[in-house]
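Listed below, chain by chain, are the residues.
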Amino acid sequence: MKKWLSMLLVAVMALSLVSAGAEEYTLPFGNYDTDTLTIACGDNYYAAASYAEPLEVLESIEKTTGVQIAWDVTVPSQYDEVMRVRLAAGVDLPDIVQIPGSYGNKGEVFSYASQGILIPLEDLIKQYAPNLSKLIWEEMPELGEALTAPDGHIYHIAQNFDGTNKVASKGLLLRTDWLTALNLEVPTTADEWYTVLKAFKEQDPNGNGQADEIPLTAFGSNPLSEYGYLGTAFGLAAPVAKYIDVDGAAVCQYDLPGFKDFLTFLNKLYTEGLMDPQYTLGDESKMNALCSKDLVGCSAHYADIAELWEGTAKQAGNPNSAAAEYHMVCSPKAEDGTEIRLLARALTGFCYGVTRDCKNPELAVKWLDYIYANPEGRDTMLYGLEGLTYTVNADGSKTWTDFVAKNPDGLNVASALRSVGAFPAQFSNRTLDFGKMLYSQRAAEESEAVVQYQILPFPQVMGTEEELDEIASLSADIDTYESEMIQNFITGQTSLDGFDSFRETVRGMGGDDLTNIYQAQLDRYYQK
Amino acid sequence: MIQIQKSNHHAIRRSGSDITIDVVVWFIGLLALVVTLVPFLHVIAMSVSDPSLVSRQEIYLWPKGVNFDAYRMVMQNKMFWTNYGNTLWIVCVGTLVNIFLTVTLAYPMSRTQFFLRRPIMKLITFTMFFSGGLIPLFIIVNKTGLYNTRWAVILPYAINTYNLIVCRTFFEGIPDSLVESARLDGANDIRVLFSIVLPLSKAILAVLVLFYAVAHWNSYFPAMLFIPKTDLQPVQVYLIRVLIQDTEALAEEGSAGYSRALIVEQLKYAVIIVTVLPVAVLYPFLQKYFVQGVMIGAIKG
Amino acid sequence: MNNPLTARRPSVWRKCLQAKYLILLMLPGLIYYLVFHYAPMYGVLMAFKNYKGGTTIWNAPWVGLKWFQEFFESYYFGRLLSNTLIISLLNLVFSFPIPILFALALHEMRSRSFKRVVQTVSYLPHFISVVVIVGMLKAMLSPTDGVINNLIRASGGNAINFFGTADYFRPLYIGSDVWQSFGWNSIIYLAALTSADPALYEAARIDGANRWQQIVHVSIPCILPTIIILLIMQLGRTMSVGYEKIILMYEPATYEVADVISTYVYRRGILKGQFSFSTAVGLFNSVINLVLLVAVNALSRRVSDVSMW
């Protein structure tokens, strides 16, 4: 209710703003010979084509906008560390900067803003960015909210996942051919899952005569992000993220009664050998290795990955390998009838802002407007260039060219696009149409059964500086303790009788203070 | 000299304990050989095997289904060679700078009668413990105009205090009488260093070359921080970029091409070979300076 | 010239003049330390401030000992400290002496070609990144499909989850460290052994010393100053157990023995841009390291005449 009201308010405000209105710019709005913007960001995910090299799509955008881009790029895995030092030193800042540590956590955005490193953009947007104004204040007010800082200013624009979130979701990928071989149905409750996993372990579905199957495994550093997809059977939102937003209340899922039951269930799986004896594999290459040995019964990932796991498993050479099939199945339902809730990926990813050293913020904002919100520029960024990466059909829809769809170097769609400079991770504003074209037909179809249960995750609220300091200081100990205890409960090193004292200890460490901070952030989010 | 020594060894009748030592030494040598060769063979085998077997982690010490795709992928890019050239430049120039500064500082620090020796050694040791961190260093690199030049990864790392102290300790082992007699002959300290001390210190110079060159060769973080310009970066930065390819994209998108996902695992190993080989061959060349008796020979000559 | 004043107490200028060549020699190195170590030293102030960038370090607000207090009051402070000290101690007991023994063994090798091969091969693991070494260990020791566990199962045992069991963490950490570095670290001792005077060996032999006695009475004394200096420096790093390898090796089940100060700071600081907190902990470590080094150095100067300064 509250949320609606606030959205309405935002919309009304936005309308009044828009009517004051940004005027449409004419292309090119820059002078190619003199106008340059420096952009610091993580480099292209397709490593063979650095943004710093001439790439067709990015070059064409330079021509259209009349703005040359000086790419100041760092290897993505090291970007945050490098840029934190550079921003802290505060000398020689780029015009536009990808904010370090901003993927999945907007903690640092407001921090840099309050240090004066990032400049407020809303007035510039109102004045110079007609498409962006329309997008964040009219078409997607939730995006506008996600971009607004606690002090009411807008300091950043962010990668927008909306389009792909509606198409693909993470979920449980299960060896359905093993089900068929063992005459089992797709499990829908915790008990049925137990039966299926037990059968995987004991009835040799891969047919090699050994009980070497690993019925269930996880590869992430936080095992709950995979095992957590079974948490729905105990009324938890999957994967079991620590905090969820239940009608405006910040709820710590670890404190819910279902969480203890969930751990008890996982403990049963572990002690009976139905779960990876390693608990979690720690990295994805190990996951691929086990799949390619035809050992893995189930784990959670994006639907697209099913094809990869399947392809490797088919070559394992076990009697049943050739039939290998991974399909996305829905998380189990709870016995008490609580509906299945799957947490979607957050709305926004990488964030970027304009720094105080930018000599021509007007140009920077226009450029961002063009590549992010202008339908023409946005589509060039996403799809690339007509003829090169796509062709337009009679009905106006697009089809990938062979270069993208059947890439001569064996690249998938995302990598093929990136090899010519399209679909740069940080700057993509993903539309639904694009999402449908990015993922394979099969992945999109399989995700459908799951996507309907998606709810929004805990919103990424920008924290104030005090909040950030407090969170950093509290969560260092609490996170350590919780991850330790959760593993001990699951592997049976600590008896589940100790669960209550575990939560008690966390409260003693300041667990409630942490919850209060998140609650305060949530309140701010809804009152905006 | 060596010859004489060898014959001397043989001239002495072997006692029981000598034979025990021989056996123990052989045993240690063989053990070291096996234990250290294993990881290396593993890496080589992984880098040239069939990617699908690599991804299954079924390769141990011997390659199966020989395949050089990973090498091709590492080296196909123009930038690889540009960056390789930068690395060579940085290693050569950097090591020269390192050796020069280390030796010229280590020598005065090794003269026990030098009145500034103790205060300066204390100042230097202090920096092993207290440093202002990267942020002020970044500002200095920026202010001195080194930013975005290859010197930015050389000058701020011109002396490694650990190496300096090792070098000084070695210099201290050189008999004072040698230095004194040269000084009586009228040579000043600079001449003594270059014409008496250094010729006696080939072993430690070899160690310094090795330590510094390898450190330059392996270093990447300063380059990322101080040299944003891609075509000035060393090859390590390029290789890290190649390595993370798709693995990060996988985490972000949950999508990666099937054949590429396989090869990414293998790339890691090809990258090691590509980077290790050039420095690994450095050692055998330097080894000849680790010969006992060089010093005395030089003194007598 | 023979001014009684200067004769009694030569002025600084005279001393400088006397040592002008030495001063000239050390000047470039000294300038290096001033520019790249002492000029940025003010960064240490971050430990007492709440620094987030944007302004100069000097202008950031003072917070006194807040970060130190937070660190000392951490739920895990005791555990972090003891784990750090234990790993350092194990390093001292295993990683430190093995290269010395190896260098002495190499020195005693009669076959020159065998010696050269062993020497060259043994230093190769140093070039393999920690990521790959840990990856190899994990593949070999995997409870599902690792070679070692396959052997254990074949001989009727139960698979062991090596990386998930606290008891195995330290042996694996130290063992792989020795494995990777003993050859490389022995180089320095080999270089020091070159300065052993062959005449001394000869004299020892004439005195009837067997090879064991030659090692004890000639070789070891020859590398002793190097050993002592490296030992002093090693002790001066007691608190600085690096995080790079541990974060690859540990998991929540082994935090109990594996979580050290640097990994804790890594999780809490570097990942979240907490420069001030990291600096404060670093400063705490440095102070302890320095105290240790000064103490050991004083002891060493008294006992062996070998000293850092």
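Note that the structure is predicted; figures quoted are calculated from it, not measured.

**Q** How should I be thinking about the overall build of chain C in this particular structure?
**A** For chain C, the helix and strand inventory stands at 16 helices and zero strands. Computed over C-alpha atoms, the radius of gyration of chain C comes to 25 Å, more than 25% over the 19 Å expected from 2.2 N^0.38 for 309 residues, which places it beyond the range of a compact globule. Across its three principal axes, chain C shows a C-alpha extent of roughly 90 × 70 × 30 Å. Among the 309 residues that make up chain C, the fraction classed as buried is 55%. When contacts within chain C are restricted to residue pairs at least 6 apart in sequence, long-range pairs at least 24 apart make up 64% of them.

**Q** How do you make sense of the interface of chain C and chain A when you look at a structure like this?
**A** Reports of interface size often rely on the accessible area that becomes lost once the parts have come together. Of the residues lining the interface, 31 residues belong to chain C; the matching set on chain A comes to 37 residues. The tally of links from chain C across to chain A stands at three salt bridges. Between chain C and chain A we count 13 residue pairs in polar contact (both at pLDDT 80 or more) in total. Listing elements by their share of the side of chain C that touches chain A, those giving two or more residues are α14 (255–258) and α15 (261–268) of chain C. The leading source of residues in the side of chain C that touches chain A is α15(C), at three residues. When its residues are assigned to classes, the side of chain C that touches chain A shows eleven nonpolar, ten polar and ten charged.

**Q** Quick question: what am I supposed to make of the pairing of strand β8 (residues 249–252) of chain A here?
**A** In the case of a regular strand, side chains alternate between the two sheet surfaces. Residues and elements named next belong to chain A. The pairing of strand β7 (residues 243–246) with β8 spans four bridges and is antiparallel. Residue pairing for β8: D245 is matched across the bridge by A250. Hairpin remark: β7 followed by β8, antiparallel, with two residues in the connecting loop; positive phi at D247, about 45°.

**Q** Help me understand the packing of helix α12 (residues 211–235) of chain C against helix α16 (residues 275–304) of chain C, please; the structure alone is not making it clear to me.
**A** Two quantities define a packed helix pair, namely the angle between the helix axes and the distance between the axes. Residue and element names in this part refer to chain C. At a minimum axis distance of 8 Å, the contact between α12 and α16 shows a crossing angle of 155°. In terms of orientation, α12 and α16 fall into the roughly antiparallel class. For the pair α12 and α16, the sense of crossing is right-handed. Two secondary-structure elements touch here, α12 through I228, I232, M233 and L235 and α16 through N289, L292, L293, V296, N297, S300 and S304. Broken down by class, the residue content of the contact of α12 with α16 amounts to seven nonpolar, four polar and no charged.

**Q** How do you make sense of the interface of chain C and chain B when you look at a structure like this?
**A** At the interface, 94 residues of chain C touch 98 residues of chain B. Across the chain C to chain B interface the summed buried area is about 8,800 Å²; carbon plus sulfur atoms make up 75%. Ranking the residues of chain C by area buried against chain B places L25(C), R110(C) and W309(C) at the top, with a combined share of 9%. One can count two salt bridges joining chain C with chain B. Of the charged contacts, one joins R211(C) and D22(B) as a salt bridge, the two residues approaching to 3.0 Å between their closest N and O atoms.

**Q** Sorry if this is basic, but what is going on with the pattern of salt bridges here?
**A** Between side chains of opposite charge, a pair can form as their charged atoms come close. A complete count under the given rule lists 35 salt bridges over all chains for this structure. Across the pair R72(B) and D69(B) runs a salt bridge, and its minimum N-O distance is 3.0 Å. Note that R72(B) and D69(B) are positioned in helix α4 (residues 69–75) at a spacing of three residues, about one turn of the helix. Of the residues examined, D69(B) reaches a relative accessible area of 31% and is grouped as partly exposed. Overlapping salt bridges bring together K242(A), D255(A), E482(A), R503(A), E504(A) and R507(A) as one network.

**Q** Would you mind going over the confidence of the model for chain A with me for this structure?
**A** Atom-level detail of predicted coordinates should not be read off regions where pLDDT is low. Confidence in the prediction for chain A averages 88 pLDDT; 96% of positions are at 70 or higher. Averaged over each element, pLDDT in chain A is lowest for helix α1 (residues 2–20) of chain A (53) and highest for strand β3 (residues 96–98) of chain A (96).

Scoring rules and cut-offs
Residues numbered from 1 in each chain as written. Chains lettered and ligands numbered in written order. Predicted model: local features only at pLDDT ≥ 70, side-chain atom pairs only at ≥ 80, totals over all residues. Heavy atoms only, no water. Helix = DSSP H or I, 4+ residues; strand = E, 2+ residues; numbered from the N terminus. Rg over C-alpha atoms; globule rule 2.2 N^0.38 Å. Buried < 20%, exposed > 50% of the residue type's maximum accessible area, 1.4 Å probe, protein only. Contact = heavy atoms within 4.5 Å. Salt bridge = Lys/Arg side-chain N within 4 Å of Asp/Glu carboxyl O. Polar contact = N/O pair within 3.5 Å; in protein donor to acceptor, adjacent residues only side chain to side chain. Nonpolar A, V, L, I, M, F, W, Y, C, P; charged D, E, K, R; others polar. Pairing = 2+ DSSP bridges. Axes fitted to C-alpha atoms, helices over the stretch in contact; angles between N-to-C directions. Parallel < 35°, antiparallel > 145°, perpendicular 65-115°, else oblique. Left-handed = near helix turned anticlockwise from the far one by under 90°. Buried area = accessible area lost by both parts, 1.4 Å probe. pLDDT = per-residue confidence, 0-100.

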